[in-house]
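Letter by letter, the chains look like this.
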Amino acid sequence: MAPVAVTPTPEKAAAHVASKYEVLEDYEGAYKFAPIQEAQVSRAMIKRYFNTMYERVISDVVIVGAGSAGLSCAYHLANKQPNLKITIIEANVAPGGGAWLGGQLMTPMVIRKPADRFLREIGVDYEDEGAFVVVKHAALFTSTLLSKVLAMPNVVLMNATAVEDLVVHSDFENKQRVAGVVTNWTLVALNHDTQSCMDPNTITAPVIISATGHDGPMGAFSAKRMVSAGLLKELGNMRGLDMNRAEPAIVNGTREVTPGLILTGMELSEHDGSNRMGPTFGAMIGSGIKAAEEAMRILAS
Ligand code: AHZ
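Parameters and conventions
Residues numbered from 1 in each chain as written. Predicted model: local features only at pLDDT ≥ 70, side-chain atom pairs only at ≥ 80, totals over all residues. Heavy atoms only, no water. Buried < 20%, exposed > 50% of the residue type's maximum accessible area, 1.4 Å probe, protein only. Helix = DSSP H or I, 4+ residues; strand = E, 2+ residues; numbered from the N terminus. Contact = heavy atoms within 4.5 Å. Pairing = 2+ DSSP bridges. Salt bridge = Lys/Arg side-chain N within 4 Å of Asp/Glu carboxyl O. Near = heavy atom within 4 Å. Polar contact = N/O pair within 3.5 Å; in protein donor to acceptor, adjacent residues only side chain to side chain. Areas by Shrake-Rupley, 256 points an atom, 1.4 Å probe, with all protein chains shown as cover. Axes fitted to C-alpha atoms, helices over the stretch in contact; angles between N-to-C directions. Phe/Tyr/Trp six-rings, centres within 6.5 Å; stacked < 30°, edge-to-face > 60°. Parallel < 35°, antiparallel > 145°, perpendicular 65-115°, else oblique. Nonpolar A, V, L, I, M, F, W, Y, C, P; charged D, E, K, R; others polar.

Draft legend 1. A look at helix 7 (residues 221-228). Considered for burial, the residues of helix 7 that qualify are Phe-221, Ser-222, Ala-223 and Met-226. Those residues of helix 7 that are buried are in contact with strand 9 (161-170), strand 12 (207-210), strand 14 (255-258), strand 15 (261-263) and helix 9 (267-272). One or two positions beyond helix 7, positive phi appears at Gly-230, with a value near 80 degrees.

Draft legend 2. Structural context of the pairing of strand 7 (residues 132-135). For strand 5 (residues 109-112) and strand 7, the ladder comprises four bridges, and the chain directions are antiparallel. Opposite Val-110, over in strand 7, you have Val-134 as the bridge partner. Examined bridge by bridge, strand 6 (residues 127-128) and strand 7 share two bridges and lie antiparallel to one another. Within the sheet, the bridge partner assigned to Asp-128 lies in strand 7 and is Val-133.

Draft legend 3. Just the pattern of salt bridges, in detail. This structure, assessed with the given rule, holds 12 salt bridges. Across the pair Arg-255 and Asp-272 runs a salt bridge, and its minimum N-O distance is 2.9 Å. Within this pair, whereas Arg-255 is found in strand 14, its partner Asp-272 is found in helix 9, the two being separated by 17 residues in sequence. By relative accessible area, Asp-272 is classed as partly exposed at 31%. Counted as one network, the salt bridges with shared partners bring together Glu-55, Arg-56 and Lys-85.

Draft legend 4. Structural detail: the sheet that holds strand 5. Taking strand neighbours across the sheet as the criterion, the three strands line up as 5-7-6 in an open arrangement whose pairing is antiparallel. Since the sheet does not close on itself, it has two edges, and those belong to strand 5 and strand 6, each with one partner.

Draft legend 5. The arrangement of the site of the ligand in detail. Neighbouring the ligand are 28 residues, the closest being Glu-90, Gly-98, Met-266, Arg-276 and Gly-278. For the ligand, an oxygen atom lies 3.3 Å from a polar atom in the backbone of Ser-68. Within the complex, 90% of the 800 Å² of free accessible area of the ligand lies under protein. Secondary structure elements with two or more residues in the shell around the ligand: helix 3 (68-80), strand 4 (86-90) and strand 9. The leading source of residues in the shell around the ligand is strand 9, at three residues.

Draft legend 6. Region of interest: the environment of Met-266. Relative to the elements of secondary structure, Met-266 occurs in the loop between strand 15 and helix 9. Look at Met-266 and you get buried, because its relative accessible area is 10%. Through-space distance from the C-alpha of Met-266 to that of Ser-68 is 9.9 Å; in sequence the pair is 198 residues apart. For Met-266, the contacting residues outside a window of four places in its chain are Gly-213, His-214, Met-238, Ile-250, Asn-275, Arg-276, Met-277 and Met-284.

Draft legend 7. Broad picture of the sheet that holds strand 12. With mixed pairing, the six strands of this open sheet are ordered in space as 8-4-3-12-15-14. With partners counted over all chains shown, the strands left at the sheet margins are strand 8 (155-159) and strand 14, one partner each. Across the sheet, the mean angle from the axis of one strand to that of its neighbour is 25 degrees, orientation sign disregarded. With four bridges connecting them, strand 3 (residues 61-64) and strand 4 associate as parallel partners. Its bridge partner being in strand 4, Ile-63 is matched across the sheet by Ile-88.

Draft legend 8. Here's a closer look at the packing of aromatic side chains. Under the criterion given, the structure shown has four aromatic pairs. On the numbers, 5.4 Å between centres and 80 degrees between planes, the contact of Tyr-49 with Phe-50 is edge-to-face. Classification of Phe-50 as partly exposed rests on a relative accessible area of 43%. For Tyr-49, a relative accessible area of 29% corresponds to the partly exposed category. The rings of Tyr-49, Phe-50 and Trp-185 are connected pair by pair, giving a single aromatic cluster.

Draft legend 9. Just the packing of helix 8 (residues 243-253) against helix 10 (residues 282-300), in detail. At a minimum axis distance of 8 Å, the contact between helix 8 and helix 10 shows a crossing angle of 10 degrees. In terms of axis orientation, helix 8 runs roughly parallel to helix 10. Contacts from Glu-247, Ile-250, Val-251 and Asn-252 of helix 8 reach helix 10 at Gly-282, Ala-283, Met-284, Gly-286, Ser-287 and Lys-290. Here the contact of helix 8 with helix 10 is built from residues that sort into four nonpolar, four polar and two charged.

Take a look at the structure:
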């Protein structure tokens with residue numbers, strides 16, 4: 001089969017002319033790539049990553065945790081306020097938290113009404129079961145939401161990066177305000193016990209939204225740090241499962257828990273001592289949206 005010439009993009013065309021290489025596509029043995037140098041690849045990544053890091057050292061809103069609550073929050077906030085610099089910090093390599101599966105590692109995802117409205121907004125299909133809807137695979141919800149969030153020009157996601165501490169400033173009356181997050185590569189954060197001191201970095205922002213989930217190896221991070229930093233007397237601790245109590249409590253309780261810090265999603269259950277809901281995700285969506293609205297209120301005040 002004769003090689004088929006591919007219409008090059010302007011960048012490819014320039015490279016093509018410069019290198020005098022043909023950009024050819026032939027899957028029967030003559031597939032040929034535009035030439036590249038290893039250093040170009042390194043520079044293409046480093047330049048963008050560190051420029052972004054430099055620019056986001058001062059953000060408008062930092063969202064800690066890219067699970068269903070954090071991502072729903074980012075989507076709503078970025079949509080409503082396209083000029084805000086929204087920076088998401090996610091400790092895992094894979095964003096999405098627990099929203100790649102439903103319950104007990106099964107794939108369908110249950111979302112109680114009225115949170116199904118959000119599915120229509122982001123264009124995810126579901127089966128209607130009356131009081132709730134079912135998405136055929138949780139990964140369909142999470143990957144769709146993630147792709148929409150990442151495509152927004154004002155959103156930056158830094159994954160494999162952990163929040164290790166909060167920046168807390170005091171004013172002249174000694175009133176404390178959360179003013180940023182302390183970050184480190186997650187692999188560094190996990191190795192503080194095995195290495196000598198590996199100091200972190202900071203990102204400051206007038207609003208921090210913590211969405212780190214319920215307690216676990218990394219979960220409930222900000223709620224727990226509030227206690228050790230003296231911003232909260234004690235944790236409420238997440239209570240047992242009760243779907244009907246848990247979901248409205250999480251959405252209605254989503255708020256600025258201390259100046260500069262909003263808690264959303266299951267992290268709030270550890271702060272407030274509210275019930276867990278198990279594998280129903282409507283409250284994560286509703287809480288994320290409410291956190292975004294709270295952030296807009298704080299920024300406007
Ligand atoms: O990796 C964590 C996950 O992706 C991330 N995270 C946690 N600590 C972090 C830190 N720095 C950066 N220090 C951190 N990232 O936060 C994300 C939390 O996502 P999640 O899915 O665990 O929480 P969520 O509140 O978005 O959703 C909870 C879903 C649950 S749990 C539950 C139950 O147990 O009853 N029910 C539902 C619906």
